[in-house]
There are 2 protein chains.
Amino acid sequence: MNNPNIVIIGAGYGGIMTAVKLQKSLNVNEANITLVNKHSYHYQTTWLHENAAGTLHHDRTRMQINDLIDTSKINFVQDTVTKVQPDDKKVLLENGELSYDYLVVGLGFEAATFGIQGLKENAFTISSINSARLIRQHIEYNFAKYNNEADKKEERLNLVVGGAGFTGIEFVGELANRVPELCKEYDVPREKVRIINVEAAPTALPGFDPELVEYAMNSLEARGVEFKIGAMIKEVTEDKLIFEKDEKREEISTNTVVWAAGVQGNSLIVDAGFETNRGRIPVRGDLRAPNYDDVFVVGDCALIMNEETERPYPPTAQIAIQQAEHTAENLKKLVQGNNHLESFTPEIQGTVASLGHNDAIGVVFDDKKLFGWSASAMKKLIDNRYLLKLGGIGLVLKKGKLNFFK
Amino acid sequence: MNNPNIVIIGAGYGGIMTAVKLQKSLNVNEANITLVNKHSYHYQTTWLHENAAGTLHHDRTRMQINDLIDTSKINFVQDTVTKVQPDDKKVLLENGELSYDYLVVGLGFEAATFGIQGLKENAFTISSINSARLIRQHIEYNFAKYNNEADKKEERLNLVVGGAGFTGIEFVGELANRVPELCKEYDVPREKVRIINVEAAPTALPGFDPELVEYAMNSLEARGVEFKIGAMIKEVTEDKLIFEKDEKREEISTNTVVWAAGVQGNSLIVDAGFETNRGRIPVRGDLRAPNYDDVFVVGDCALIMNEETERPYPPTAQIAIQQAEHTAENLKKLVQGNNHLESFTPEIQGTVASLGHNDAIGVVFDDKKLFGWSASAMKKLIDNRYLLKLGGIGLVLKKGKLNFFK
């Protein structure tokens, strides 16, 4: 009997954690495991906003995959998936093709631009190491250019973030830290720089406790962030953003719009013919795709419902990691001939949004609210726990956030 | 009797050194001295190429003027000179106007573009802190952008330097150091990046000893610099440079052209009605402008002849500093009622061009050739001696180049 081929596509939180767990729980002679990823590295998507703001170097955020997996146990193929063919049990790559007995889909999200005019062409998204460091350099370039022009252009110094959800709020918090450094570096007066957060919903951080939202907005406003709440972005051009608020159109001169207001599942998944809902696969209890007993979905592409609220869980790192651990367990059973798979239920341990170096807000243990330093410390603990699971204490020491006091 | 007003315009090598020397040699009740400069800081023009390459931070290159002069002895006016009116003994500023009894012109050079099409619009010059850090950020931005485009653009990675004279050679040397760092930072393969030095003359470093030129070119070529010698730049556009060599036209895809091939005196000097020769004033032996006994010229705007070669001395920091010291002595005499001014003769102590961190070439003590580390160390000694003259040992320790071994 041949060993089954397990193919994992994508080395985000879900994919890499599935690989690391399988490497521990299966013997080399039980399965052939192949991990496919576009880059040679895994990165922490939840830290990218810091790389984009320039407050944390992207090498802290990424880890070489060869350092995380044992390549004598798991094959690593650096390539880009071009098509998934679940009926043929195949994955097509730019430079090859893989057959599988079991597939784990760990592909990440794509930005959803809701058809807003010019957004795709003129706005940045915080979606990868490449895009994050481009944002960092784009902002720096504009600061550097500012004093070289006799006719000073305010669009170079107006930084606009679309969306005051989790990522948008965390990003403006980092920008508020970064801007004074940029002003010093390029001799730009701080009062010339604006950080503007535009949100269409009637509140920032929709879904969060109002007391936490108020704390967050006060903290950020005190550090120079302007909020435009209930403001619909209508158009983005090369040098301005147009929004509508209270039925009035307004313009902001800017050549830096960072879109952090919408994500959707991966278009490869839709193209593959899976049942999808806004680009995500409404998985069964054991995280397998409807109609495909050999396809597991973890992370951004998996749609799972919160039965209490009757709404989907947001795709978070926390849930992706739990799904990966769960899927590794279920795959171990299948490989070992046990078809009784366990059903998955996320355990939401807490949600913490950082507001800058030493400030944050969050909810932990179901309903305990945290503010300020304690929330910030909790956020770092959560991040470090992930690194501990992924690569042990060595990885925590190398890449962890150990600066609890700043 | 009123104290005479001495006005110094420009705080480059010549202007700042005149001010510092006068501050030491004259008493407060002997003259009113005013130094005018566009920025609040003095900078070392000869280090700007390092700031532009990104191998040295610009804060190492500049010094706040208030830290160099004693403002209880010398007035400092931060403003831009808009016109010099020698017949009225006046200097007009953007925000004011100054009358003088004695004027010291220490204004810097301007880039000479020789009418090359598109050069002014599309090429950078290394002429100020602002322009140097813009070059640094422009290059970084293009490296950051490169991996974000499906259709990779080679013009982002082709760095072209116009001119293989002193500045051009020193700049490509720094780029050769910097490029490997940029490749690592932005995941760009080194072999995709080109550093190309285009020179119209039949040799690099025209005027230097051929043995030194050969050493320099070999050293730079070994570190990946390409030379196009005898190549006339014909046109620069947003994304390419066109040159003619051996009667053939060639193109290089590039959006980074740094022009280091020509300077001329300041246009304010021409507009003021002084006798000029290519924007520089052919000063008398005592460094005064023809027909104006109350106007001294130091640095880039002063044209002085080398009697041995019957050619003008190139405007170097070394000569500017000596002219400043000489002018301060002559001004002291005039203020104290002695009209017998001394004539100026430059003492050329040596010329050293750096080729990167620890390599250089040069000539010192008239005819001794230096190569490699010894030349590089000599260059740093020269730089440190300037700082010693300007601000004592404290300034050497703060801003000096003390890293003789790297």
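Per an unreviewed UniProt entry, chain A is named NAD(P)/FAD-dependent oxidoreductase, and its organism is Halobacillus amylolyticus. Turning to chain A, the UniProt record has this under Sequence similarities (unreviewed entry): "Belongs to the NADH dehydrogenase family." The heading Cofactor (unreviewed entry) in the UniProt record of chain A holds the text "FAD".

Participant: Which residues make up the overall build of chain A, and what values go with them?
Facilitator: Check the secondary structure of chain A and you find eleven helices and 27 strands. Its C-alpha radius of gyration of 22 Å places chain A within 12% of the 22 Å reference for a compact globule of 406 residues. Dimensions of chain A, computed from C-alpha atoms along their principal axes, come out at roughly 75 × 40 × 40 Å. Counting over 406 residues, chain A shows a buried share of 55%. Long-range pairs, those at least 24 residues apart, make up 65% of the contacts in chain A between residues at least 6 apart in sequence. One way to put it: in chain A the 45 positive side-chain charges average out to a point 4 Å from where the 55 negative ones average out.

Participant: Can you explain helix α6 (residues 129-146) of chain B? Please cite residues and give values.
Facilitator: Taking 1.5 Å per residue as the helical rise, α6(B) with its 18 residues ought to reach 26 Å, and the 26 Å between its terminal C-alpha atoms agrees with that figure. The element α6(B) is extensively covered by neighbouring structure, given that 17 of its 18 residues are classed as buried.

Participant: Now, about the nonpolar core: what can you tell me, with residues and values included?
Facilitator: Formed by 96 residues in total, the largest nonpolar core has its most connected members in A:Phe143, A:Phe171, B:Phe143 and B:Phe171. Ignoring any residue separated from it by four or fewer positions in sequence, one finds A:Phe171 in contact with A:His49, A:Ala52, A:Ala53, A:Ile126, A:Ile135, A:Val161 and A:Val258.

Participant: Can you tell me about the packing of aromatic side chains, naming the residues and giving the values?
Facilitator: What the rule picks out here adds up to 13 aromatic pairs over all chains. Look at B:Phe274 and B:Tyr292: their rings are 5.3 Å apart centre to centre, the planes differ by 80°, and that puts the pair in the edge-to-face class. One end of the pair, B:Phe274, is in the loop between α9 (267-271) and β20 (281-282); the other, B:Tyr292, is in the loop between β20 and β21 (295-297), and 18 residues separate them in sequence. For B:Tyr292, a relative accessible area of 14% puts it in the buried group. Directly above the ring of A:Trp47 sits A:Lys401, whose terminal nitrogen or CZ lies 4.1 Å from the centroid.

Participant: Describe the UniProt feature "domain: FAD/NAD(P)-binding" (unreviewed entry) in chain A, listing the residues and the values that go with them.
Facilitator: In the numbering adopted here, UniProt assigns the feature "domain: FAD/NAD(P)-binding" (unreviewed entry) to residues 5-324 of chain A. In this annotation, residues 5-324 of chain A is assigned 30% helix and 29% strand; the end-to-end C-alpha distance for the span is 17 Å.

Participant: Tell me about the sheet that holds strand β14 (residues 225-229) of chain B, and name the residues and values.
Facilitator: Within a sheet, neighbouring strands are paired by backbone hydrogen bonds and run either parallel or antiparallel to one another. Residue and element names in this part refer to chain B. Read from one edge to the other, the open sheet built from five strands follows the order β11-β18-β12-β13-β14, with strand pairing classed as parallel. Every interior strand has two partners, whereas the edge strands, β11 (124-125) and β14, have only one. By the bridge criterion, two bridges tie β11 to strand β18 (residues 256-259) in an arrangement that is parallel. Looking at β18, one finds that Phe124 is bridged to Val258.

Participant: Just give me the short version of the interface of chain A and chain B, but keep the residues and values in it.
Facilitator: Facing 21 residues of chain A, the contacting portion of chain B comprises 21 residues. Together chain A and chain B conceal approximately 1,800 Å² of surface at their shared face, both sides included; 43% is due to carbon and sulfur atoms. In this structure, the connection of chain A to chain B is made through six salt bridges. With a closest N to O distance of 3.0 Å, B:Glu185 and A:Arg136 form a salt bridge. Breaking the side of chain A that touches chain B down by element, the ones donating at least two residues are α6 (129-146) and α7 (166-186) of chain A. For the side of chain A that touches chain B, the element with the highest residue contribution is α6(A), accounting for eleven residues.

Participant: Could you give me a rundown of the pairing of strand β2 (residues 32-37) of chain A, with the residues and numbers involved?
Facilitator: All names here are of chain A. β2 sits mainly inside the fold: five of its six residues count as buried. With five bridges joining them, strand β1 (residues 5-9) and β2 adopt parallel strand pairing. Directly across from Ile6, in β2, lies its bridge partner Ile33. Between the parallel pair β1 and β2, the chain is carried across by helix α1 (residues 13-25), and the sense of this crossover is right-handed. Where β2 lies against strand β5 (residues 74-78), five bridges are found, and the strand directions are parallel. By the bridge assignment, Val36 is partnered in β5 with Val77.

Participant: Tell me about helix α10 (residues 317-335) of chain B, and please be specific about residues and values.
Facilitator: A rise of 1.5 Å per residue sets the reference length of α10(B), with its 19 residues, at 27 Å; its end C-alpha atoms lie 27 Å apart and thus fit the reference within 8%. Burial runs high along α10(B): 16 of the 19 residues are buried.

Cut-off values and rules
Residues numbered from 1 in each chain as written. Chains lettered and ligands numbered in written order. Predicted model: local features only at pLDDT ≥ 70, side-chain atom pairs only at ≥ 80, totals over all residues. Heavy atoms only, no water. UniProt positions renumbered as here; feature names shortened; annotations may be inferred. Helix = DSSP H or I, 4+ residues; strand = E, 2+ residues; numbered from the N terminus. Rg over C-alpha atoms; globule rule 2.2 N^0.38 Å. Buried < 20%, exposed > 50% of the residue type's maximum accessible area, 1.4 Å probe, protein only. Contact = heavy atoms within 4.5 Å. Lys, Arg positive; Asp, Glu negative; His and termini not counted. Charge placed at Lys NZ, Arg CZ, Asp CG, Glu CD. Expected span 1.5 Å × (residues − 1). Core = buried A, V, L, I, M, F, W, Y, C linked by side-chain atoms within 4.5 Å. Phe/Tyr/Trp six-rings, centres within 6.5 Å; stacked < 30°, edge-to-face > 60°. Lys NZ or Arg CZ within 6 Å of the ring centre and 35° of its normal. Pairing = 2+ DSSP bridges. Buried area = accessible area lost by both parts, 1.4 Å probe. Salt bridge = Lys/Arg side-chain N within 4 Å of Asp/Glu carboxyl O. Right-handed = clockwise from strand over helix to strand, strands pointing away.

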